[in-house]
Amino acid sequence: MNSIYEKIMEKVEKPGRYSGGELNITVKPWEEVKLRVVLAFPDLYEIGFSHLGLRLLYHRINETRDYLAERVYAPAKDMEEELRKAKLPLFSLETKHGLGEFDLLGFTLQYELSYTNILNMMSLAGIPLKREERGEEYPLIIGGGPGSFNPEPLADFFDLFLLGEGEEAIIEILNVVTEGKNKGKTKTEIKHDLLSVSGVYLPEYYTVEYLPDGRVSAIKPLPPAPEVIYKRIIKDFKDGYLPEKELVPWIEPIHDRLMIELLRGCTRGCRFCQAGMIYRPVRERDSSTIKKKLPALIRGTGYEEISLTSLSSADYTGIEKLVGTLSDCFSTQGVKISLPSLRIDSFSPELAATFQAKPKSSLTFAPEAGTERLRRVINKNLSEAQILETVQSAFQAGWQRMKLYFMIGLPTETDQDLEGIAQLAKKVLQLGRKIHASKAGHVKVVVSVSTFVPKPHTPFQWRPQISLEETLRKQDYLKQVIRGKGLSFSWHEATMSQMEGVFSRGDRRLGKILETALELGCTFDAWGDKFRWDLWQEAFKIVGLKPEFYNTRARAYKEVLPWQHLSAGVSKEFLRAEDQRAEEEKPTFDCRTGKECSACGVCPTLGIKPTLSGGEEH
Amino acid sequence: MRNINYYRIQYRKTGLARFTSHLDVARAISRTLRRAELPVAFSCGFNPMPRLSFGPPLPLGIESEAEFMDLELTQNLSEQAITLALNRSLPPGLEVIQVTKLTKKVSSLMASVDSIVYQFIIKVTVDKRNDQIEAWFKHLWDSKELMIVKRTKSGEKPVNIRPFWRDYTLSFIGDDIILFEMKVEFGPRGTLRPDNFISLLPQDFQVQRIIRKAMYSRTEECCEKVL
Ligand code: SF4
């Protein structure tokens, strides 16, 4: 390995973040492939390594003969300084090539507050930020992940975005680029060819026009770009792609276990949830595939835990049976099975006992809102009785600590709903104390509250976010009412939610804000201790835009939204109807079986249907 | 009761693996045991852990030819079979050198190790004769007190590391490379971390690599080198 890089690594706090050399990585001979891709996660190694989607693409690309994929994560401040001092570009973990030497640089857009890190990584690699300033010698910059459903704040910097699921589309993209390169085509010509890959969005093919007040008046495609770009979706997920091997890190990432994706999509229809809308419909993986693949993956990695992941794993058809079979099969090797989260309405103590490490640990439930009324508004139709019943059985099964997760600032929320949070928490605490009467002091209830941020492509995309002042007031209110022994309250930094809200529903003009914020020194904004509210405000002042225009402003249904030309397949009519039903507190049922279609539009538009093959073995 | 077999394993840690902390290596090795499909004895309890214990932790950034761990298996396997199985499964940078079957449970590595040898590969960037360099190290050795600044959670504090320095040898390669080997105490009183020692060297002595070379135990009846 390059000793210049080793020298640098010796100087930083956690060299393992950059050294590479993890078990089961792929290192291909640089000169012998047709195309080189570097996959970037714009946050620290510990966060980025844990991300399943990016790893899936990594293996998918490396399993081809002609392409190689390497990885890079955002360098911590100390590494950034060393790189700048040594005038070295940010480099890939596998072969320590500067990011600029790759043909494609792909960023995953997981959360808005990672956007300055994206620009910083490009800058550290010596790649001009603006698309029009990058000549032929620079890689194509591509974005994917949930952020690509409204990537407008990044539109000036990226060459293309991929909407939806990437494991098939990425190969098609690479094929088009290779073919273009073989024919000696320019970047512009290759990008033109990429219009033929469905799901690909090239921002330069769309001009955005604005009204004097800043609202978008029109988004005009330049021929031959399509009017609307629909997301990519894997139609046959039953035995959808699973890598043959999995990486094992040296240093400990936040999720340090073997992850297997059980199903995709969730159609429970929570009206605030973007994932529920953009990843529809539900498609389950065959349990036989999972059972067949797992033993080799454990043999190849040695992980002590298998996590069955998805948006809502307990919804998987026959989940209890699958977990039982897997536990029996792996427990002799000291491997345990876990689920990332449990839903209140699918919780059973037996199931939980298998998943959760030990009853001593705390159990998290997400009622999301404090009253039955507000839960009806967001279509999380849980009665208080249901919640208490679930909590009771958890206490009876031995748990002593509960974490309850809520949001504040949901549409139609009043102080009564906040009061409801406190009431519910107190009822849970009382219940726990009654059940654990002999050691009532051990019972703890943590109320964790985040601020609702309206997201594009959800029924609430037209709704205003609550202001900073209102957020602080609500948080203060909760601090007053959630008090007493056994109760504790934690909340999300109000200013961070404000900024998240800006970029979530932002337009192209925010590119300037990102650039300015970066110049002022903003990076790692998703980290509470790094987030600089003062600098962000300054950036808005310098550029002459107002955050309130983006986050706390209500939109009319007829307003042209900056993401109007991007579609997850869910119709605008459906979203609008759902927003109305929210007002009327009307439920919309889960369509997972396909019997009760609520006509969201995904299935007919994308030619797909829900598949619950799951654990049903015929 | 099950029949437990005790093994002491010496392994090396080289190259990029030196950037992996002690804790991370421990986790990597427990995963290696599962990959190697060795009949590891597990602890009882809710979270069964492999019966595995390690010797003195190696500071980050330092390589080693002499890392040790004790492992318990539920079957009597040959030393060679274990070496092969582990070396097939270890991640790059870790390699088993030797496996020794112990006839009985012995006191833990942490308790029995008494001194450690480190080798410094130093590049000298000024023109100095070998005897001048020898004199410089001799002078250091003769000092009663060698103060370094130790960074702790509660701030910086000066410590005298001389009492922990047991012995040294010096040899030369070519015109500008010194091989400096030092033996340091390891025990309840403390130890001397090789990276702390660097601060005592002059600017023009550039440490290229540090390698842990050997560990010794205190008791006579144990073989002199641990293992
Ligand atoms: S079209 Fe119907 S069945 Fe398909 S995801 Fe939407 S609501 Fe569900």
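None of these values were measured; they are calculated from a predicted model.

(A) Structural detail: the packing of helix 6 (residues 169-182) of chain A against helix 7 (residues 187-194) of chain A. Residue and element names in this part refer to chain A. At a minimum axis distance of 9 Å, the contact between helix 6 and helix 7 shows a crossing angle of 140 degrees. Helix-helix and strand crossings are classified by hand; for helix 6 and helix 7 the assignment is right-handed. Seen from helix 6, the contacting residues are Ile173, Val176, Val177, Gly180 and Lys181; seen from helix 7, they are Ile190, Asp193 and Leu194.

(B) Structural detail: the site of the ligand. Near the ligand the following residues occur: Arg280, Pro281, Cys591, Cys597, Ser598, Ala599, Cys600, Gly601, Val602, Cys603 and Pro610 of chain A. Residues that form the shell around the ligand fall into these classes: eight nonpolar, two polar and one charged.

(C) Molecular detail of the domain arrangement of chain A. Residues and elements named next belong to chain A. Entries for chain A in the domain assignment read domain 1 (2-198) and domain 2 (257-341 + 588-618). Relative placement of domain 1 and domain 2: their C-alpha centres are 29 Å apart. Counting residues at the interface gives eleven residues for domain 1, matched by eleven residues for domain 2. For the pair domain 1 and domain 2, the summed buried area comes to about 900 Å², and 50% of that belongs to carbon and sulfur atoms. The largest share of the area that domain 1 buries against domain 2 comes from Leu52, Phe149 and Glu165, three residues that together contribute 50% of it. Put simply, domain 1 and domain 2 have three salt bridges between them. For Glu165, the salt bridge goes to Arg264, with nearest N and O atoms at 3.2 Å. On inspection of domain 1 and its partner domain 2, the count reaches four residue pairs in polar contact (both at pLDDT 80 or more).

(D) Representation of unusual backbone geometry. Residue and element names in this part refer to chain A. Residues Pro223 and Pro224 are joined by a peptide bond in cis, for which omega reads 5 degrees. Secondary-structure assignment places Pro224 in the loop between strand 8 (216-221) and strand 9 (229-230). The peptide bond linking Arg280 to Pro281 adopts the cis configuration, its omega dihedral lying at -15 degrees. Relative to the assigned elements, Pro281 resides in the loop between helix 8 (274-278) and strand 12 (283-284). Unlike most non-glycine residues, Lys96 shows phi in positive territory, near 60 degrees. Looking at the secondary structure, you find Lys96 in the loop between helix 4 (77-86) and strand 3 (104-108). Lys96 sits in the buried class, given a relative accessible area of 8%. Non-glycine residue Glu368 carries a positive phi angle of around 70 degrees.

Rules and cut-offs
- All chains use their own residue numbering, which begins from 1 and follows the written sequence.
- Lettering of chains starts at A and numbering of ligands starts at 1, both following the order in which they are written.
- Thresholds applied to this predicted model are a pLDDT of at least 70 for local features of residues and 80 or more for the giving and counting of side-chain atom pairs; totals over whole chains, interfaces and linings are not thresholded and use all residues.
- Think of the side-chain values as coming from all heavy atoms in the structure, minus any hydrogens and water.
- Helix axes use the C-alpha atoms of the stretch in contact, all axes being lines fitted to C-alpha atoms, and the angles between their N-to-C directions lie in the range 0 to 180 degrees.
- Each helix is a run of DSSP H or I of at least 4 residues and each strand a run of E of at least 2, with the numbering of both proceeding from the N terminus.
- By the definition used in this description, the sense in which the near helix is turned from the far one sets the handedness, with an anticlockwise turn below a right angle giving left-handed and a clockwise turn giving right-handed.
- Should any heavy atoms of two residues lie within 4.5 Å, those residues are considered in contact.
- Neighbouring residues are identified by heavy atoms, a residue being near a molecule or strand if any of them is within 4 Å of it.
- Each residue is assigned to one class: nonpolar for Ala, Val, Leu, Ile, Met, Phe, Trp, Tyr, Cys and Pro, charged for Asp, Glu, Lys and Arg, and polar for all the others, Gly among them.
- Reported domain spans reflect what an automatic or database domain assignment gives.
- What counts as buried area is the accessible surface, traced by a 1.4 Å probe, that two parts surrender upon association, with contributions from both included.
- For salt bridges, the criterion is a side-chain nitrogen of Lys or Arg within 4 Å of an Asp or Glu carboxyl oxygen.
- Any N or O atom pair separated by 3.5 Å or less is treated as a polar contact, with the protein-specific requirement of one donor-capable and one acceptor-capable atom, and with residues adjacent in sequence counted only for side-chain atom pairs.
- Classification of residues uses two cut-offs on accessible area relative to the type maximum, computed with a 1.4 Å probe and protein chains only: under 20% is buried, over 50% is exposed, and between them is partly exposed.

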